[in-house]
Amino acid sequence: MKRTWLQALLAILLLLSMVSCGEYKPAIKPPEDGTSEEDTSTTLPEGDADPDPEETPFTVTLYAEGEVFVPTEPIYAQWTDGYSFHQAPFDETGKAQITGLDGDYRVTLSAIPEGYSYDANSYVSTNEKRDVSIELYPLVSYKKRGSDLYSNIIEIRKMGVYRTELKKEGQVVYFQFAPTKSGTYSIETWVDITQNEINPQLEIYNGSTAYKVYAYTLDDGAASAEYTKNVRFEVKIDQAQIGSVYAFGVKASVKDGEYPVYVDFALQLNGSFSMERTKYKMMLPMEIEKVRAADRNGLLQWSGTLVGPETKLGKYNVFEGDNYKLNPQTGLYHRYDADTNTYGAILYAYITQPCRFIDKAFSVVEYEGNKALTVSRGTECYKLFIEGYSALVSAGYDTSWQVGLSSGELTKYASCSGYQAVSNGDGVVPVTEEIKVFLQKYSVSQTLFRDGEGWVEENPDVDVDALEEDQWLFACAYYAEDTYSYTPAE
């Protein structure tokens, strides 16, 4: 059965089940009862009237290592303006939302997923910026206890976020790092100032690996509240100082005197956790032969009238993914009638011509210096996939650490022209499974759909709504004259 418009609308708006983090006692303490003093239920606006501003939801989405993070145990997003406190659970999409807020709020988490940390003091929601994305960072592990400045000191060998366990009052955990590149190094504690219960400090030492002398204690420099004052330590390293050793001790006082507590700190170089340029996976066009095979078999349309894939439901335009399906006979997406189990016209995607919702073709979208073809939070590059080898090399993507391919592997694709090579005179190519995946990821990375406020949903020429999994259809069309028909044998 096909989904109705009402089902689609409800699927977009309704909250799903609570999920999230692993178990451990964080430095950032959640409310003891795990509940909010406010009613966190979401009220849906009725009818077609514009919703009250206070009924427009504030949302929080979790990300980790380039992907949406879906918690596995209950965890809440928290909003506070210093006077009121609100909570909402994260659902199975890694998102929390709440209505009824009005003003400026700090956004934190009720608990931290096991193995991760986040900067609890960097996120703010306002009436103008209601949607917040919280980045979770994997903790760097270490083996030593850091109980002294020499044989048991913890040696930091990489940029990243570290967690310090303090089991009792007065305990100090010692770390040291030896810079290998010039630049500005920073150490900053990430204690939640909205809880205002833990006050971290850094003991700074001068000297070398073999001999260290206490210099001073640092107790400020970053986000602060009345009791909690985060610490930031910076040191500028030139070429002559590379190899020097910098030692410090982490300690903390606790307002209620209860231990253990955890103090997380971030070590960065020039404001980044990476000492190298970002590496990402180069996505390769692996299904072009399916397009060429369809062309040899005379299945492709080379001219005619391209029709948008949306369905008209009353005054609404809707992308319904159930109307399109991968055809086992061609390996391409077609229009599909579930009632008769029949495949019809081939579905196409715009590659070398702009679609209705973006003003640049995918084949030239990066010519203005952006990285629009790098999606999935910057981890997957589709430049070779769309433009081909020659465009990739001319743009400077010619070393293995940039594109995720060895020199031999990269050379192997020197003849690859990408999907632009098989586009027709209208600038479109048949949709393969990997093109569908790309279009979905591109739409997500560009937020073309955003709970009714995305560019496609509010487009001045034609606005279209879609379920999360159907937004890939934004760059698609089919030929009205295509008479292809195929019904699989049962």
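Here the structure is a predicted model, which is why all the values come from computation and not from measurement.

S.K.: Please explain the packing of aromatic side chains as it appears in this structure.
M.R.: Here the distance between the centres and the angle between the planes together describe a pair of aromatic rings. Inspection of the entire model under this criterion finds 28 aromatic pairs. With a centroid separation of 5.3 Å and an interplanar angle of 70°, the aromatic rings of Phe-69 and Tyr-116 are classed as edge-to-face. One end of the pair, Phe-69, is in the loop between β2 (67-68) and β3 (76-80); the other, Tyr-116, is in strand β7 (residues 116-117), with 47 residues separating them in the sequence. The same class applies to Phe-69 as to Tyr-116, namely buried. An aromatic cluster of at least three residues, connected via ring pairs, comprises Phe-362, Tyr-382, Phe-385, Tyr-419, Phe-438, Tyr-442 and Phe-474.

S.K.: Help me understand the nonpolar core in this model?
M.R.: A general trend in soluble globular proteins is that nonpolar side chains are found buried together. In terms of nonpolar packing, the biggest core is built from 50 residues, with Phe-319, Phe-362, Phe-438, Leu-439, Tyr-442, Trp-472 and Phe-474 touching the most fellow members. At the level of secondary structure, the elements contributing two or more residues to this core comprise α2 (288-296), β26 (342-350), α3 (383-387), β29 (428-430), α7 (433-445) and β31 (476-479). Here the element with the most residues in this core is β26; it accounts for six residues.

S.K.: What am I meant to see in the pairing of strand β23 (residues 316-319) here?
M.R.: Consecutive side chains along a regular strand alternate between the two faces of the sheet. The pairing of strand β22 (residues 311-313) with β23 spans three bridges and is classified as antiparallel. Bridging from a neighbouring strand, Thr-311 pairs with Val-318 of β23. Pairing of β23 with strand β30 (residues 465-466), which is carried by two bridges, proceeds in the parallel orientation. Each bridged residue has a counterpart across the sheet, and for Phe-319 the counterpart in β30 is Ala-466.

About the cut-offs
Residues numbered from 1 in each chain as written. Predicted model: local features only at pLDDT ≥ 70, side-chain atom pairs only at ≥ 80, totals over all residues. Heavy atoms only, no water. Phe/Tyr/Trp six-rings, centres within 6.5 Å; stacked < 30°, edge-to-face > 60°. Helix = DSSP H or I, 4+ residues; strand = E, 2+ residues; numbered from the N terminus. Buried < 20%, exposed > 50% of the residue type's maximum accessible area, 1.4 Å probe, protein only. Core = buried A, V, L, I, M, F, W, Y, C linked by side-chain atoms within 4.5 Å. Pairing = 2+ DSSP bridges.

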